[in-house]
Amino acid sequence: MTGSGFPFSAVVGMDDLRLALVLNAVSPAIGGVLVQGEKGTAKSTMVRALAAVLPQVRAVTGCRFNCDPAAPDPECPDGPHGTRAPELTRPSRLVELPVGATEDRLVGALDIERALTEGVKAYEPGLLAAAHRGVLYVDEVNLLHDHLVDLLLDAAALGTCYVEREGVSVRHAARFLLVGTMNPEEGELRPQLLDRFGLTVEAAAPRQPGTRAEVVRRRLAYDDNPAAFRAAWSDEEAGLARRIAAARARLPGVVLPDAALRQVASVCAAFGVDGLRADLVTARAAMAHAAWEERPEVTAEDIRVAARLALPHRRRRQPFDAPGVPDDELDRALEEAMDDDGPDDDGPDDDGPDDDDPGGGGTSGTNPKSMSPNGPEPTANGSADSQQQAGRDASADHRDPKNHGDGAGNGNGNGNGDGDGNGGRELPAAPPGSVFRVKRLDLPGAGLGAPGRRSRSRSGDGRVTGARPPQGRLTRLHLAATIAAAAPHQLARGRTTPSAPLVVRRGDLREARLEGRESNLVLFVVDASGSMAARSRMGAVKGAILSLLIDAYQRRDKVGMVTFRGSGAQLLLPPTSSVEAAAARLAALPTGGRTPLAAGLLRAREVLRTERLRDPRRRPLLVLVTDGRATGGQEPLASAHRAATLLAADRVASVVVDCETGLVRIGLAAALAATLRGAVLEPGELAAGPLADSVRMIRKAA
Ligand SMILES: [Zn+2]
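The rules behind the values
- Residues numbered from 1 in each chain as written.
- Predicted model: local features only at pLDDT ≥ 70, side-chain atom pairs only at ≥ 80, totals over all residues.
- Heavy atoms only, no water.
- Helix = DSSP H or I, 4+ residues; strand = E, 2+ residues; numbered from the N terminus.
- Buried < 20%, exposed > 50% of the residue type's maximum accessible area, 1.4 Å probe, protein only.
- Contact = heavy atoms within 4.5 Å.
- Areas by Shrake-Rupley, 256 points an atom, 1.4 Å probe, with all protein chains shown as cover.
- Pairing = 2+ DSSP bridges.
- Donors = N, O, S within 2.8 Å, 3.2 Å for Na, K, Ca; no water.
- Axes fitted to C-alpha atoms, helices over the stretch in contact; angles between N-to-C directions.
- Phe/Tyr/Trp six-rings, centres within 6.5 Å; stacked < 30°, edge-to-face > 60°.
- Lys NZ or Arg CZ within 6 Å of the ring centre and 35° of its normal.
- Core = buried A, V, L, I, M, F, W, Y, C linked by side-chain atoms within 4.5 Å.
- pLDDT = per-residue confidence, 0-100.
- Parallel < 35°, antiparallel > 145°, perpendicular 65-115°, else oblique.
- Left-handed = near helix turned anticlockwise from the far one by under 90°.
- Nonpolar A, V, L, I, M, F, W, Y, C, P; charged D, E, K, R; others polar.
- Salt bridge = Lys/Arg side-chain N within 4 Å of Asp/Glu carboxyl O.
- Lys, Arg positive; Asp, Glu negative; His and termini not counted.
- Polar contact = N/O pair within 3.5 Å; in protein donor to acceptor, adjacent residues only side chain to side chain.

1. Here's the deal with the overall build of the chain
- The secondary structure content of the chain amounts to 23 helices and 21 strands.
- For the chain, with 702 residues in total, the buried portion stands at 50%.
- Here the contacts in the chain between residues at least 6 apart in sequence split such that 79% fall between residues at least 24 apart.
- Put simply, the chain shows about 31,300 Å² of open surface, and 51% of that area lies on carbon and sulfur atoms.

2. Some words on the pairing of strand β20 (residues 653-658)
- Counting buried positions over the six residues of β20 gives six, a clear majority of the element.
- Because side chains alternate across β20, one face comprises the buried residues Ala653, Val655 and Val657, and the other comprises Ser654, Val656 and Asp658, equally buried.
- As defined by bridge partners, strand β19 (residues 620-626) adjoins β20 across six bridges and the pair is classed as parallel. Of the residues in β20, the one forming a bridge with Leu621 is Ala653.

3. With respect to the coordination of the zinc ion
- Cys63 (SG), Cys67 (SG), Cys76 (SG) and His81 (NE2) make up the full set of protein donors to the zinc ion, lying at 2.1 to 2.3 Å.
- The sequence pattern formed by the donor residues of the zinc ion is C-x3-C-x8-C-x4-H. Here Cys76 lies in the loop between β2 (57-60) and β3 (87-90) and Cys63 lies in the loop between β2 and β3, a separation of 13 residues in the sequence. In terms of burial, Cys63 and Cys76 fall into one category: buried.

4. Structural notes on the sheet that holds strand β4 (residues 94-96)
- The five strands lie next to each other as β4-β7-β10-β1-β11, forming an open sheet whose pairing is parallel. For this open sheet the edge positions go to β4 and β11 (199-202), each flanked by a neighbour on one side alone. Here the strands of the sheet are splayed against their neighbours by 20° on average, with no regard to which way each runs.
- Inspection of the sheet shows strand β7 (residues 135-139) paired to strand β10 (residues 177-182) by five bridges, in the parallel sense. Across the sheet, residue Tyr137 finds its bridge partner in β10, namely Val179.

5. Regarding the packing of aromatic side chains
- For the structure on display, the rule yields five aromatic pairs.
- Ring centres of Phe229 and Trp233 lie 6.2 Å apart, and the angle between their planes is 40°; this geometry places the pair in the tilted category. Taken together, the residues Phe229 and Trp233, both in helix α9 (residues 226-250) and four residues apart, mark about one turn of the helix.
- The rings of Phe6, Tyr222, Phe229 and Trp233 are connected pair by pair, giving a single aromatic cluster.
- The lysine or arginine in question, Arg243, covers the ring of Trp292, its NZ or CZ lying 3.6 Å from the ring centre.

6. Section: the sheet that holds β20
- Judged by pairing direction, the sheet is mixed, and its six strands sit side by side in the order β18-β17-β16-β19-β20-β21 without closing on themselves. Because the sheet does not close on itself, it has two edges, and the strands there are β18 (568-576) and β21 (679-681). Direction aside, neighbouring strands of the sheet carry axes that sit 15° apart on average.

7. Concerning the nonpolar core
- In this structure, Phe8, Leu21, Val298 and Leu311 are the most contacted members of the largest nonpolar core, which totals 69 residues.
- In terms of residues, this core owes the most to one element, helix α11 (residues 277-292), which gives ten residues.
- Here Leu311 is in contact with Val267, Cys268, Phe271, Val273, Ala278, Thr282 and Val325, once residues within four sequence places are set aside.
- Formed by 38 residues, the second largest nonpolar core is a distinct cluster that contains Phe65, Ala101, Val149 and Phe197.

8. Looking at helix α12 (residues 300-310)
- Counting buried positions along α12 gives eight out of eleven residues, so the element sits mostly inside the fold.
- Within the sequence span of α12, burial applies to Asp302, Ile303, Arg304, Val305, Ala306, Ala307, Leu309 and Ala310.

9. A look at the confidence of the model for the chain
- Here the chain averages 77 in pLDDT, and 77% of its residues register 70 or above.
- Segment residues 342-424 is flagged for pLDDT under 50; beyond a separation of four residues in sequence, or across chains, it makes 130 contacts in the model.
- Per-residue pLDDT stays below 50 along residues 690-702; that stretch engages in 23 contacts with residues further than four places along the chain or on separate chains.

10. A closer look at the packing of helix α20 (residues 597-614) against helix α21 (residues 636-649)
- For the pair α20 and α21, interaxial distance at closest approach is 7 Å and the crossing angle is 20°. It follows from the interaxial angle that α20 and α21 lie roughly parallel. The handedness of the crossing between α20 and α21 comes out as left-handed. Contacts between α20 and α21 pair Leu597, Ala598, Leu601, Leu602, Arg605 and Leu608 from the former with Ser639, Ala640, Ala643, Ala644, Leu646 and Leu647 from the latter.
- A class-by-class count of the residues in the contact of α20 with α21 yields ten nonpolar, one polar and one charged.

11. Things to note about the pattern of salt bridges
- What the rule picks out here adds up to 25 salt bridges.
- A salt bridge links Arg217 to Glu214, with the shortest nitrogen-to-oxygen separation between them at 2.4 Å. In this pair, Arg217 and Glu214 both sit in helix α8 (residues 209-224), three residues apart, roughly one turn of the helix.
- Exposure remark for Glu214: the relative accessible area of 22% places this residue in the partly exposed category.
- A salt bridge links Arg614 to Glu611; its shortest N-O distance comes to 3.8 Å. Remark: Glu611 and Arg614 occur in helix α20; sequence separation between them is three residues, near one turn of the helix.
- Through salt bridges with shared partners, a single ionic network connects Arg48, Glu96 and Asp139.

12. Concerning the side chain of Asp73
- In this structure, Asp73 sits in the loop between β2 and β3.
- In this structure Asp73 is buried but unpaired, with Arg175 as the nearest side chain of opposite charge at 7.5 Å.
- Within polar-contact distance, the side chain of Asp73 engages the backbone nitrogen of Ala173 at 2.9 Å.
- Apart from the residues within four sequence positions on either side, Asp73 is in contact with Cys67, His172 and Ala173.

13. Description of the environment of Arg242
- In this structure, Arg242 sits in helix α9.
- When the C-alpha positions of Arg242 and Leu54 are compared, they lie 8.9 Å apart, and in sequence the two are 188 residues distant.

14. Points about the packing of α21 against helix α22 (residues 668-676)
- At their nearest, the axes of α21 and α22 sit 7 Å apart, and the two run at 35° to each other. Of the residues in α22, those touching α21 at Leu637, Ala640, His641, Ala644, Thr645, Leu647 and Ala648 are Leu668, Ala671, Leu672, Thr675 and Leu676.
- A per-class count over the contact of α21 with α22 returns nine nonpolar, three polar and no charged.

15. Observations concerning the environment of Ser639
- By the secondary structure assignment, Ser639 is in helix α21.
- For the pair Ser639 and Ala599, spaced 40 residues apart in sequence, the C-alpha to C-alpha distance is 8.7 Å.

16. With respect to unusual backbone geometry
- Its identity is not glycine, yet Arg133 carries a phi of approximately 70°, on the positive side.
- Relative to the elements of secondary structure, Arg133 occurs in the loop between α5 (127-131) and β7.
- The phi torsion at Glu635 lies on the positive side, around 40°, for a residue other than glycine.
- Topologically, Glu635 is positioned in the loop between β19 and α21.

In structure tokens form, the structure reads like this:
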């Protein structure tokens, strides 16, 4: 069996990624892989090549929802399939979800018009149906529209795709191996989605010249003659596919001994992971690795391999900690679990009732017998057990020095990456001043963004303000208006008795016209340079920003923050819905140095461009906190105005919070606001209602 693209086994290097994909191929219940790395590593090539080495799939012939003939989905829209439905065997499928896909493309489209007018449930399956029992691959998964992320998370959690429009609903099974690739420089992944991925790996281009040359050599050979290249690798591919299939067959027999389970719990506890999902994924990956290595039972080596892949994105860490799981810490945790492995003192642990698969939703072959540690409630008991384990095995003084504590993240104002600053004396971070309720800053016009409480919206989630004939596909029926439109024609359509059903034609349909409020992206661009850095004043400015942040949270906005000081600008917080993260980074914000205002504005523009790709309907509001000064480089002030002109040309709505102080004020910030075609406010004007003391403080300080 060969695929149609670059062969999986011909990809050079990237051993972690190869192993992570193989383990998932052996045990899809592990839950997929997230691959992080810069552009130009062959990470996408390798992922796309995976399908060709996956075991073949048996499916019901003609079913668009990939039903398994052995256990067809009872709710399959193409069903019900009889017990003797014709079946076929075909290669496993890799379905790619484009970042800009519509909701209909992902979950499928239900034709509400035909449902109402013809009584037919016409349903066109989407990518989730196509990916069922295969791989769903999302390149640039961090840029995926929030709305699609929600749908994807729902489907992944339930193993079901559920579509409903106006009371007409369709559901079908959707279990798939989720693989995502991303370049972290382009933005963070939402934590819920990050947690969905069983394993994570970092992919980097190889450094050794010999390896790099081999990568290029193979790529050239492939591009020159793909068919010949594939033929040359077909034995290798077939061998790998056989080995994966054999490991998958072996997996149900792999035993996870109690001592190994204890090691899993100990390792997870030592790295301070939240919840029990990490333990499950680590155990599953360790069992898959044992099956892959043809071992009958899980060893410490299997657990080490599994933990390295399962824990990096789950360990509690500070924003600037190095990624990954350090080997020495891993060794220590494994050893400590062994030391404790004396005569057992924490209760029965063999042969409990054994048919619970604690994670649910898995598609194949973990061995429930060896997974349930004790008793009828494996999940809860396992949790308590691993907590105890944590207290005993991994003592507090073992964990604390490595920053695994659960501090809120303040006070860690180290290493923001630009503390070096040419001429930038760094001042201690000023604590934020007190917060106050701010007035609503909103965008002109009405948008189509996700529901929220900031700007006016024309999208489908607000109050019904009227009815109209459908514009495109009907999504929100206005029933009363539809009946009213149909009513005058009933006699002409042959409805003669009151008990006869209402005759509705397509032209009668009316959709609801809605108006509500949308949420926005509020991007703060904050001057953290020396000119703003007088300590008390920066504290008050932080208080004002914090107030805006809390307001943004209440209005369900996304927030991001760019700061500029010293030698340049930095994205302190990629757009996120986590206001806690924003507040923590704001509190620790170092200040001092020159004022590269233009760099700050250009960085903001870059962030907004990326974000527009990810979420085109979410309109941004740029909040520039500055005194209008610019220093450093050539013509600093003119450059800043040029950058502002670009933002204005992109039609970015903006508000300048003018922090200029002193008796003689020269209006630099107001001039910049004019170039941005934005509003200008003094900090005191941000407050809703009477001025808070903290705001007055900004005026006084200088
Ligand atoms: Zn089916």
